[in-house]
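# Working through the structure, step by step
Take a look at the letters that make up each chain.
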Amino acid sequence: MGSSVRCFTSLMLLLSIFLPVSESSQFCKAGIEYGDSECEFPSSSSSKILIKGGTVVNAHHQEIADVYVEDGIIVAVKPNIKVGDDVIVLDATGKFVMPGGIDPHTHLAFDFMGTQTVDDFFGGQSAALAGGTTMHIDFVIPVNGSLSAGYEAYTKKAKKSCMDYGFHMAITKWDEIVSRDMEIMVKEKGINSFKFFLAYKGDLMIKDELLLEGFKKCKSLGALAMVHAENGDAVFEGQKRMIELGITGPEGHALSRPAVLEGEATARAIRLAGFMDTPLYVVHVMSIDAMEEIAEARKKGQRVIGEPVVSGLVLDDSELWNPDFKTAAKFVMSPPIRAAGHGEALQAALSTGVLQLVGTDHCGFSSAQKALGIDDFRKIPNGVNGIEERMHLVWDTMVESGQISVTDYVRLTSTECARIFNIYPRKGAILAGSDADIIILNPNSSFEISASSHHSRSDTNVFEGRRGKGKVEVTIARGRVVWENDELKVAPGSGKYIDMPPFGYLFNGIDKEDAKYLSSLQAPVKRSI
Ligand code: URP
Ligand code: ZN
Ligand code: ZN
């Protein structure tokens, strides 16, 4: 078989993985070898884009190549692709062409602490697209503990989506119905991860007994267990202490929940997940204490993923002491943004593989909403922005400084998330057959962050005034140019829900480990009576 024929055959194989039969057979009928420099692409259908001459970056490889996109799918990646007149051509010479960011941790239209986050699915996703993120995974919060009611509610909220999204689901109580609903979520609703809150006592917090039940169920379903790791009982005690000391302002938030409480809960969750031998994903790792627990567990071979968020990587807690309440309150999130030094340590952990991917925990509240806690820091809605800023800040902080390579950048902001949640290579890659979620980043251009120009509906931004190098000039979502020349072209309803199948790579080999464990027990001992 000639190499060109082989190339076509493998392309068709890839396409058949991603496309329904009717769409892939359209390519067969065209009879064209995609990527062959002397042929042209068919000119009949819509939304055709050629990205020319950029450096195409995947998690393990980069090369100068063209990328041809048709009907929302990447069709070819190779040099010198020729196309017809009906194709939009984007010149990416001197720029990086990378998979759109995937944010593993967001809260859009989230009802929390007596209010709802300012950014709904359309607003938050518009902001994301302007910052180069093309997919996010949001946390469904059950309604009165009911997973199915929570799922219905979030499905409604997400109807106005303008980019692709998936769901994690929180578990806030335990009974037979919850256990059965977890099964339905995984087998019928495309959810493959469940979050357990070890903090927010009296609200979302669960006890260890539930955590163990949840871990067991997750393992049986091939779903990833996630934890918000802070000791909620101790936080409650810390909050009382601050109030007794007359500390009612935003600094009380940080003082009431020190890093040791994050370290304790992280260690506990890791040990319990190890006891159940199920993989664990620790969300918003904010401290050295938590990161070191993850490092220790991974060194011993445990399947633990650590997700720092962009606020924890680039900010410190100093603004919580700002005498202006509005300024200080905007930095209140949980676990808290830590003292200087933690962020740098988390960056180093990312660059050495101790931590695996970067999220945002985007959970925006306006200053009016933050003012709910003007007299009592316990009532300040917890959460900060980041969905629009993550791609720029990680680039500027880590690539521009030389801490990570461009391929690492793609892995940390996109590919690893797709792998963990089992949607790679449909997402997180610039490969023939992948969804056309693509950004063009100009390393010589610069960005500046301000609440006056961001796309979130919040009137504040925790990264206010930050400038840096590397700007996302173009965002393509599902094969449509949605961000170009600092302008958004988005339509509500154009985003799609992405099913995430269970038993991702973190589950590989667990059956063998379990078999080894069982054979090591030498029990039950057969005894004669
Ligand atoms: O402060 C935070 N992190 N708000 C969002 C809820 C959560 O804990 O993820
Ligand atoms: Zn959390
Ligand atoms: Zn969160």
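Remember, predicted model here, so these are calculated numbers, not experimental data.

Let us look at the coordination of the zinc ion (ligand 3). Metal coordination angles have textbook ideals: 109.5 degrees for a tetrahedral set of four donors and 90 or 180 degrees for an octahedral set of six. Protein-derived ligands of the zinc ion (ligand 3) are H105 (NE2), H107 (NE2) and D361 (OD), with the metal-ligand distances lying across 2.0 to 2.1 Å. If you look at the zinc ion (ligand 3), its 4 donor atoms make angles of 87 to 137° with each other, and the shape they trace is irregular. All donors of the zinc ion (ligand 3) come from a single chain, and their spacing in sequence reads H-x1-H-x253-D.

Our focus in this paragraph is empty space enclosed by the protein. Inspection of the entire model under this criterion finds 6 cavities of 30 Å³ or more. Roughly 100 Å³ of internal volume is contained in the largest cavity. Taken together, 16 residues make up the lining of the largest cavity; nearest its centre are H107, F112, Y200, S334 and D361. Classifying every residue of the lining of the largest cavity by side-chain character gives 7 nonpolar, 7 polar and 2 charged. Each pocket or cavity is described by its volume, and for the second largest cavity that value is around 70 Å³. Together, K330, G364, F365, K370, G383, V384, N385, S456, S458, T460, N461 and V462 line the second largest cavity. Across the lining of the second largest cavity, the residue classes tally to 3 nonpolar, 7 polar and 2 charged.

Turning our attention to the environment of K516. If you trace the backbone, K516 turns up in helix α17 (residues 510-520). Note on K516: relative accessible area 63%, which makes it exposed. Sequence spacing of K516 and A158 is 358 residues, and the spatial spacing of their C-alpha atoms is 44 Å.

With that settled, consider the coordination of the zinc ion (ligand 2). Coordination of the zinc ion (ligand 2) by the protein involves K195 (NZ), H228 (ND1) and H284 (NE2), with metal-donor separations of 2.1 to 2.5 Å. The sequence pattern formed by the donor residues of the zinc ion (ligand 2) is K-x32-H-x55-H.

A few words on the packing of helix α9 (residues 259-276) against helix α10 (residues 288-299). The geometry of α9 relative to α10 is characterised by a closest axis approach of 7 Å and an angle of 25° between their N-to-C directions. It follows from the interaxial angle that α9 and α10 lie roughly parallel. Of the two possible hands of crossing, α9 and α10 adopt the one that is right-handed. Along its contact with α9, which presents A259, V260, E262, G263, T266, A267, I270 and R271, the element α10 presents D289, A290, E293, I294 and A297. Class assignment of the residues belonging to the contact of α9 with α10 gives a composition of 7 nonpolar, 2 polar and 4 charged.

This brings us to the UniProt feature "modified residue: N6-carboxylysine" (unreviewed entry) in the protein chain. The feature "modified residue: N6-carboxylysine" (unreviewed entry), as given by UniProt, occupies K195 in the numbering adopted here. Mapped onto the elements, K195 comes out in strand β11 (residues 193-197). Ignoring anything within four residues of it in the chain, the contact list for K195 reads H105, F139, M169, A170, I171, M226, H228, V283 and H284.

On to the pairing of strand β15 (residues 438-448). Among the 11 residues in β15, 8 count as buried, and that is most of the element. Taken together, the 4 bridges between strand β5 (residues 96-99) and β15 define a ladder with antiparallel strand orientation. Within the sheet, the bridge partner assigned to F96 lies in β15 and is L441. Note: β15 against strand β16 (residues 467-477), 8 bridges, orientation antiparallel. Residue pairing across strands places E448 opposite R467, the latter belonging to β16.

Moving on, we get to the site of ligand 1. Looking at ligand 1, there are 13 residues lining it, with H107, Y200, H228, S334 and D361 nearest. Here an oxygen atom of ligand 1 and a side-chain polar atom of Y200 are 2.7 Å apart. Compared with its free state, where it exposes 270 Å², ligand 1 has 100% of that area covered by protein. In this structure the site holding ligand 1 corresponds to the largest cavity. The residue inventory of the shell around ligand 1, partitioned by class, reads 4 nonpolar, 7 polar and 2 charged.

Enumeration according to the criterion identifies 32 salt bridges in this entry. Salt-bridge contacts for K489 lead to E484; the nearest nitrogen and oxygen are separated by 3.7 Å. Of the residues examined, K489 reaches a relative accessible area of 46% and is grouped as partly exposed. It is possible to trace a salt-bridge network through shared partners that takes in D164, R426, K427, D435, D437 and R478.

This part covers the pairing of strand β1 (residues 48-58). Counting buried positions along β1 gives 9 out of 11 residues, so the element sits mostly inside the fold. Where β1 and strand β2 (residues 61-70) come together, 9 bridges link them in antiparallel fashion. Each bridged residue has a counterpart across the sheet, and for K48 the counterpart in β2 is E70. Bridging between β1 and strand β4 (residues 88-91) involves 4 bridges; their strand directions are parallel. Within β4, the position partnered with I51 by the bridge is L90. Pairing between β1 and β5: 2 bridges, direction parallel. Within β5, the position partnered with V56 by the bridge is V97.

The rules behind these values
Residues numbered from 1 in each chain as written. Chains lettered and ligands numbered in written order. Predicted model: local features only at pLDDT ≥ 70, side-chain atom pairs only at ≥ 80, totals over all residues. Heavy atoms only, no water. Donors = N, O, S within 2.8 Å, 3.2 Å for Na, K, Ca; no water. Tetrahedral: all angles 85-135°; square planar, octahedral: opposite > 155°, others 65-115°. 1 Å grid on protein atoms, 1.4 Å probe; cavity = no way out; pocket = protein on both sides within 12 Å on 5 of 7 lines; lining within 4 Å. Points joined across faces, edges and corners; volume = space filled by probe spheres on them. Nonpolar A, V, L, I, M, F, W, Y, C, P; charged D, E, K, R; others polar. Helix = DSSP H or I, 4+ residues; strand = E, 2+ residues; numbered from the N terminus. Buried < 20%, exposed > 50% of the residue type's maximum accessible area, 1.4 Å probe, protein only. Axes fitted to C-alpha atoms, helices over the stretch in contact; angles between N-to-C directions. Parallel < 35°, antiparallel > 145°, perpendicular 65-115°, else oblique. Left-handed = near helix turned anticlockwise from the far one by under 90°. Contact = heavy atoms within 4.5 Å. UniProt positions renumbered as here; feature names shortened; annotations may be inferred. Pairing = 2+ DSSP bridges. Near = heavy atom within 4 Å. Polar contact = N/O pair within 3.5 Å; in protein donor to acceptor, adjacent residues only side chain to side chain. Areas by Shrake-Rupley, 256 points an atom, 1.4 Å probe, with all protein chains shown as cover. Sits in = over half its atoms within 2 Å of the grid points. Salt bridge = Lys/Arg side-chain N within 4 Å of Asp/Glu carboxyl O.

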